[in-house]
Amino acid sequence: MFRKLLLSGLLFLSLMSGTQAQEVGLSFSYFIPRNGEFSTPISPFSLRGVGFNINNFLAFETGASLYRMSGLAIMDMPFDSKNSLLGPNFTIFVPAELVVQMKGKQVQFDIKGGGFFFYGFDQNLNYGNFDRAFRTYKSWDVANGNLSFENNPGFGVHGGVELTIPITSQVSLSLETNYLMGSAKFPIKGSYSGSNLSGAQQESVNFPDAKIDFTGLEFSIGLMFNSGGGGGSRPKAKRRR
């Protein structure tokens, strides 16, 4: 059901960009999460920069990206880890932002800021990293967990900049960087068994305040192709890979 809604939403964004955009483009985007693993969107399920001009200097943009996350951090537990505790998953990312447009004779510099929604599915814990973090926390020699979690949608804020440089009259180079700060409730409970110098150990665990940490740097580089046309729409729609 969720995948059908995702595909329907991406189709709507594609139709919206096709009817409103004066320029279309192709860019390569990457996400570097805090205490997580380097991640990339899944082609072709990413369409960004869809929107419209509010006036000559201010615009609204939205879109959607489907990320294949290699690993994310989990925070607000009794122990910390510099490694990803959430294993590989798929995450839908939907931003909504205001864009301050500063257009020069040769380049355009945009300042962006707003909020975003994200939701991960096919979630899995990284038991290797989780067990090591719990073992260090409890000062055990061996630790093996049997855990369950409750998945929830997440929200956050972001800000960034984009520089668009014309290469020819029809093609421009786009460089964009965004910093994301978000989280999603992710309660974890279960049990741990292990051992230390005192012998075998067994302990129930409950981390009701645990959250997925969706904080990190998203950056992209791409080409914009001028398709002509007029109107007052936001003049870019980037299909990212």
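In the block above lies the structure referred to throughout.
Everything quoted here is computed from the prediction, not taken from an experiment.

Criteria and cut-off values
Residues numbered from 1 in each chain as written. Predicted model: local features only at pLDDT ≥ 70, side-chain atom pairs only at ≥ 80, totals over all residues. Heavy atoms only, no water. Helix = DSSP H or I, 4+ residues; strand = E, 2+ residues; numbered from the N terminus. Buried < 20%, exposed > 50% of the residue type's maximum accessible area, 1.4 Å probe, protein only. Contact = heavy atoms within 4.5 Å. Core = buried A, V, L, I, M, F, W, Y, C linked by side-chain atoms within 4.5 Å. Patch = residues over 30% accessible without salt bridge, like charges linked within 9 Å, V, L, I, M, F, W, Y side chains within 5 Å. Areas by Shrake-Rupley, 256 points an atom, 1.4 Å probe, with all protein chains shown as cover. Salt bridge = Lys/Arg side-chain N within 4 Å of Asp/Glu carboxyl O. Polar contact = N/O pair within 3.5 Å; in protein donor to acceptor, adjacent residues only side chain to side chain.

A.B. asks: When you look at the overall build of the protein chain in this model, what are you seeing that I'm missing?
C.D. replies: Assigned secondary structure in the protein chain consists of two helices and 13 strands. Buried residues in the protein chain amount to 43% of all 241 residues. Long-range contacts, defined here as pairs at least 24 residues apart, represent 76% of the contacts in the protein chain between residues at least 6 apart.

A.B. asks: Help me understand the nonpolar core in this model?
C.D. replies: The nonpolar side chains of a soluble globular protein tend to be buried with one another. With 29 residues, the main nonpolar core has Ile74, Met77, Phe130, Ile188, Phe207 and Phe214 as its most contacted residues. For this core, the secondary-structure elements that each account for two or more residues are strand E3 (58–69), strand E6 (108–121), helix H2 (127–138), strand E7 (142–149), strand E9 (171–185), strand E10 (188–196), strand E11 (199–207) and strand E12 (211–226). Among the elements that line this core, the one with the most residues is H2, at three residues.

A.B. asks: Even after reading the chapter, I still don't get the side chain of Ser174, so can you show me in this structure?
C.D. replies: Positionally, Ser174 belongs in strand E9. For Ser174, a relative accessible area of 1% corresponds to the buried category.

A.B. asks: Hey, could you run me through a nonpolar patch on the surface in this one?
C.D. replies: Judged by side-chain polarity, Leu26, Phe28, Val107, Ile165, Ile167, Leu175, Ile221, Leu223 and Phe225 come together as a nonpolar surface patch covering roughly 710 Å² of accessible area. Elements that contribute at least two residues to the nonpolar patch include exactly strand E1 (23–33) and E12. It is E12 that provides the largest number of residues to the nonpolar patch, a total of three residues. What makes Ile167 exposed here is its relative accessible area of 53%.

A.B. asks: I'm lost on the side chain of Asp213 in this one. Help?
C.D. replies: Along the polypeptide, Asp213 turns up in strand E12. Look at Asp213 and you get buried, because its relative accessible area is 3%. Looking at Asp213, its side chain comes within polar contact range of the side chain of Arg34, at 2.8 Å. A distance of 2.7 Å separates polar atoms of two side chains, one belonging to Asp213 and the other to Thr215. Aside from chain neighbours lying at most four places away, what touches Asp213 is Arg34, Leu72, Ala73, Met75 and Gly182.

A.B. asks: Any chance you could explain the pattern of salt bridges here in plain terms?
C.D. replies: Oppositely charged side chains can pair when the atoms bearing their charge come close. Applying the stated criterion across every chain, the model contains eight salt bridges. Glu61 serves as the salt-bridge partner of Lys112, at 3.2 Å between the closest nitrogen and oxygen. On the criterion of sequence distance, the pair formed by Lys112 in strand E6 and Glu61 in strand E3 is long-range, its members being 51 residues apart. A salt bridge links Lys112 to Glu97; the shortest N-O distance between them is 4.0 Å. Here Lys112, found in strand E6, pairs with Glu97, found in strand E5 (residues 89–103); they are 15 residues apart in sequence, far enough to count as distant. Note on accessibility: Lys112 and Glu97 belong to one class, buried. Taken together, the salt bridges that share partners define one network made up of Glu61, Glu97, Lys112, Glu162 and Glu176.

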